[in-house]
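# Structural overview for review
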Amino acid sequence: MKPRNLFFVAAALSLLAVPLPAVAQEFADKAEMEFVLNTFSFLMCGALVMWMAAGFAMLESGLVRTKNTATICLKNVSLFSIACIMYYLIGYSLMYSDVDGGWIGSLSIFYNLGDNEIALIGAEEKTPEMIAAVTSNGYSVMSDWFFQVVFVATAASIVSGTLAERIKIWPFLIFVVVLTGIIYPIQGSWTWGGGWLNNVGGGFSDFAGSTIVHSVGGWAALAGAIILGPRKGKYTADGKMHPMPGSNLPLATLGTFILWLGWFGFNGGSELALGTAANAANMSLVFANTNLAACGGVVVAVLMTQALYGKIDLTMALNGAIGGLVAITANPDIQHSMLAIVIGAIGGALVVFFIPLFDKLKIDDVVGAISVHLVAGIWGTLAVAIFDDADFVAQIVGIAAIGAYTFIASAVVWLILKATIGLRADEEEESDGLDKSELGQEAYPEFGQGARSLGG
């Protein structure tokens, strides 16, 4: 080959070689970009879901009487803290470590950063190899833990409102320890942890937790309500229900709007990624469907209460919104948004029907959480098979298995607590309000003093 030709061959080869480092860098940057966006999604959506703790606290505070408000606030801030600690200590590992199609993950204490992330954070020079070792996971280890833990706290919050105004603080908090550390993670491992329910039929489908989160809280609350019994004076001897209206409906309304906002993180973050255009498009759909389902729940609750009672019931409208949100949680990525409205509307209708039904059964649910989270959660999980492509048999099996396990396990814990330290405040304490007997402080001390002075 002539020297001149060798020159041109060498030049051509060099031109081909020049882009290779750039191409390699482009792929490295893409992996790192996806890692950053996915991690950011977990953290920001998790923060939104954490804000739902405030929503539950405000909703419950508005729906109980003033003499129990401070106790409700304490229970909500305490249960959130307990849930986070228990899920860090053992819960996450039970739910996600070494499940491998089985019934439970491995029991290990603490859940911390992996070695690769620790090495990257501590290194003075961040080498491409170190970055690649971290970004290959797709997201930061602790961002996933943070996003998951706020779901656990949500399940515990559901129990708080149902059992309000008559359960003592310490047995309730002990139950939260067991629920968030053991009961919730075990059933969660059956699905999100890669457990046995994924192998039933076409696999159990629950996008963000209509059953896995909401009905679990509802089943635990139902078991507690049956064992604890109703508030004194709630039901008369002839079976009639004596209304015990909440103290602050504007506060309950604020709590509902906070929950509504937090639900965008609840469902949106369950896309579990934000690193591609497809992820972003699907998350946008999830946000829109979540919102529309809540709207459907409100409108139907308003129309139904007007038709049934001759007047619109604000508390039913608020619970209709949450019922719609719970219902769409199993399938917020459904690709026709009109169906999201239908699913949410039916969720709201079920709430209006079941709240008085539970009263007829003398199951005292102070805030209507069993109807909202259990009943609407079951409906939403079934709706995935009715309106989308989930396996109906798998949905039924999942609902039944998770329900039976949670109800029985919760009942056992409640009965042990009842037989040992007791569950209920006594009649005098319940009459005076748990703020006075459990905390020794009132949420509205000036109002309380004024009421006492007016009463002589």
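Notes on the structure follow. (Residues numbered from 1 in each chain as written. Predicted model: local features only at pLDDT ≥ 70, side-chain atom pairs only at ≥ 80, totals over all residues. Heavy atoms only, no water.)

## Examining the overall build of the chain
For clarity, the threshold we go by: Secondary structure is summarised from DSSP: a helix means a run of H or I of at least four residues, a strand means a run of E of at least two, and numbering begins at the N terminus for each. Note on exposure labels: buried denotes an accessible area under 20% of the residue type's maximum, exposed denotes more than 50%, and partly exposed covers the range between, all computed with a 1.4 Å probe on protein chains only. We call two residues in contact whenever any of their non-hydrogen atoms come within 4.5 Å of each other. Here the accessible surface of atoms and residues is derived via Shrake-Rupley with a 1.4 Å probe, and residues count as covered only by protein chains that are part of the display.
The helix and strand inventory of the chain stands at 17 helices and 0 strands. With respect to the three principal axes, the spread of C-alpha positions in the chain is 115 × 45 × 45 Å. Buried positions account for 52% of the 456 residues belonging to the chain. In the chain, 78% of the contacts between residues at least 6 apart in sequence involve partners at least 24 apart. In the form shown here, the chain has an accessible surface area of approximately 19,800 Å², with 68% of it arising from carbon and sulfur atoms.

## A few points about the nonpolar core
Most often, soluble globular proteins keep nonpolar side chains buried together rather than apart. Where we set the bar: We define the nonpolar core as a collection of buried residues of types Ala, Val, Leu, Ile, Met, Phe, Trp, Tyr and Cys that are connected through side-chain atoms lying within 4.5 Å of one another.
Formed by 102 residues in total, the largest nonpolar core has its most connected members in Val159, Tyr184 and Trp414. With residues near it in sequence (within four places) discarded, Trp414 still touches Val159, Leu163, Ile167, Pro171, Phe172, Phe175, Ala220, Ala223, Gly224, Ile227 and Leu423. Counting residues in hydrophobic clusters, the runner-up holds 8 residues, among them Ala293, Ile334, Trp379 and Ala383.

## A few points about the packing of aromatic side chains
Counted only if it meets this: Two rings from Phe, Tyr or Trp (for Trp, the six-membered ring) form a pair when their centres are within 6.5 Å of each other. A pair whose planes differ by under 30 degrees is stacked, one over 60 is edge-to-face, and the rest are tilted. Definition used: whenever NZ (Lys) or CZ (Arg) falls within 6 Å of the ring centre and also within 35 degrees of the ring normal, the charge is taken to sit over that ring.
Summed over the entire model, instances satisfying the criterion amount to 20 aromatic pairs. Centre to centre, the rings of Phe354 and Phe358 are 6.1 Å apart; their planes meet at 40 degrees, and the pair counts as tilted. Pair noted here: Phe354 and Phe358 are both in helix H12 (residues 337-360), with a separation of 4 residues, about one helical turn. One aromatic cluster is present, formed by Phe42, Tyr139, Phe147, Phe151, Trp192, Trp263 and Phe266 through successive ring pairs. The residue whose ring lies beneath Lys75 is Phe172, and the NZ or CZ to ring-centre distance is 4.7 Å.

Treat this as a map of the structure, not an account of what it does.
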